[in-house]
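Structural description and commentary
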2 protein chains.
Amino acid sequence: MARGYGGVPPEQRRAERREKLLTAALELFTSRGYQQSKITELCALAGVSTRNFYEEFTGKEQVLLSLHARINTLAMEHVVSVLEKLADADPVTRIFQLLGAFVGSVTSDPRLPRLNYVEAVGVSAELEAQHQEWVDKWAAFIEAEAEHAAQGGLAPRRNFRLTSIALVGAATGLLREWQAHDPPLPADQVAEELRGLMLAAITRPAR
Amino acid sequence: MARGYGGVPPEQRRAERREKLLTAALELFTSRGYQQSKITELCALAGVSTRNFYEEFTGKEQVLLSLHARINTLAMEHVVSVLEKLADADPVTRIFQLLGAFVGSVTSDPRLPRLNYVEAVGVSAELEAQHQEWVDKWAAFIEAEAEHAAQGGLAPRRNFRLTSIALVGAATGLLREWQAHDPPLPADQVAEELRGLMLAAITRPAR
DNA sequence: TTAGAGTGGTAATTCAGATTTCCGCAATGT
DNA sequence: ACATTGCGGAAATCTGAATTACCACTCTAA
């Protein structure tokens, strides 16, 4: 289908194929389901031969790993870039923007939370480890924000570790539900709920 | 291995085999992982032949469905039985006991949350539907408690739907983390965190 | 223009695990 | 005690998908 390696394709062609495979995988994994997706189908959908597939990936799981990492990285970048612009804003504003950026990023395409919070769960030990890593990162993020709020006297001084993990879980649960819902819930309300929840969670009295 | 159908086994024997299979499945699915578990292994571990397996279940997935339903049902029964004894206690006490009973039930064996929140995710549309059902049930439960608290003036009057779903997500996330953690987190702290979070979530001002 | 080298797609191979079938044995009833 | 009925276990089959090998084609360079 594609013309030979005419233009400028030493390994740009490989990169393009990789991209086509990832795009097709996002579609296939979230419609048919990861387990039910055959490598053959994936290749057909991407317009790439199985031979090329194995040139880019060692197997189906590595594709999922890549997608999962990419989605999380993208969301994290959004959040970080927003927060950098609010370096010395008050804690409430920062939390407001943080959650808006996060929810905005992940709900920009319903397939994103579907892949991240449904398809990529319980697949393998390696994927589970990657999930853990990201929960840690997000929880650390929230924890830092909470401690920042505690500095300002908005929240009491205490250990926010468990609270942070719980909030990450709340976001995950809400987005998993959001993604499954028909008709779709408004993403704004999800963000708003998380804002209220997080503020209430960290400002509550220590015991 | 077992003696023939001597004693009292018209279909009690079937029930026993079913039980042995479920017990072995809980162990196997949570150690090796659901996907990696072969029916052969399951039968070997249970001490049951594949023939008998297909007499009780249509396949691996139905076993998982049964386990998932059983774990949730058990937890729900615990919670209901506790709340029935507190019919006219104050909302805070009810919430305290509710979460204690729930966390106590699900953390009584680390394999329970592992199966429920990791292995049983993203397996099939049917399992996903069953998950949805249970999230609805638990959310409705929490919602009712929140409205009860609103009656007493403890919480403002508002729609608690999203908050309830978020709290279910928080519990899920926390238990998923609990189950994966080494060394294990104290279950008490998880329950305590959820109590604080739920109270803060529903008593927070309406906007 | 033609030879050579690398690439793409298709088609065969292989492998693993699910499902079923069959034979031997134990238990009941006459 | 013996025939009959139905159960248990292991081995055979069968399916379906991952992985690899091969052939044809296109592009480059002399």
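Preceding this section is the structure that the text describes.
The rules we used
- Residues numbered from 1 in each chain as written.
- Chains lettered and ligands numbered in written order.
- Predicted model: local features only at pLDDT ≥ 70, side-chain atom pairs only at ≥ 80, totals over all residues.
- Least-squares fit on C-alpha atoms with pLDDT ≥ 70 in both.
- Contact = placed C-beta atoms within 7 Å.
- Helix = DSSP H or I, 4+ residues; strand = E, 2+ residues; numbered from the N terminus.
- Nonpolar A, V, L, I, M, F, W, Y, C, P; charged D, E, K, R; others polar.
- Expected span 1.5 Å × (residues − 1).
- Buried ≥ 20, exposed ≤ 12 C-beta atoms within 10 Å, placed from the backbone.

A word on the relation of the copies chain B and chain A. Screw-axis analysis of chain B against chain A gives a translation of 0.0 Å along the axis, an RMSD of 0.0 Å, and a rotation angle of 180°. Interpreted geometrically, this transformation is the action of a two-fold axis. Distance from the rotation axis, computed per C-alpha, reaches its smallest value in chain B at Ala170 of chain B: 2.1 Å. When you check the interface residues of chain B against chain A, 100% turn up at the interface there too, and the contact is symmetric in its surfaces.

With that settled, the discussion passes to the interface of chain B and chain A. Listed per partner, the contact involves 29 residues of chain B and 29 residues of chain A. Secondary structure elements with two or more residues in the side of chain B that touches chain A: helix H6 (111–119), helix H7 (125–151), helix H8 (161–180) and helix H9 (187–203) of chain B. In the side of chain B that touches chain A, the residues fall into 15 nonpolar, ten polar and four charged.

All names here are of chain B. The first and last C-alpha atoms of helix H5 (residues 91–106) sit 23 Å apart over 16 residues, in line with the 22 Å expected at 1.5 Å per residue. Every buried residue of H5 is listed here: Pro91, Ile95, Leu98, Leu99, Ala101, Phe102, Val103 and Val106. On its buried face, H5 sits against helix H4 (60–84), H6, H7, H8 and H9.

Between its terminal C-alpha atoms helix H9 (residues 187–203) of chain A stretches 24 Å, which fits the 24 Å expected from 17 residues at 1.5 Å a residue. Within H9 of chain A the residues assigned to the buried category are Val190, Ala191, Glu193, Leu194, Gly196, Leu197, Met198, Leu199, Ala200, Ala201 and Ile202 of chain A. Check the buried side of H9 of chain A and you find it contacts helix H5 (91–106), helix H7 (125–151) and helix H8 (161–180) of chain A together with H8 and H9 of chain B.

Looking now at the environment of Asp136 of chain B. Tracing the backbone through its elements, the reader meets Asp136 of chain B in helix H7. Put simply, Asp136 of chain B and Ile165 of chain B are 29 residues apart on the chain and 7.9 Å apart in space, counted from C-alpha to C-alpha.

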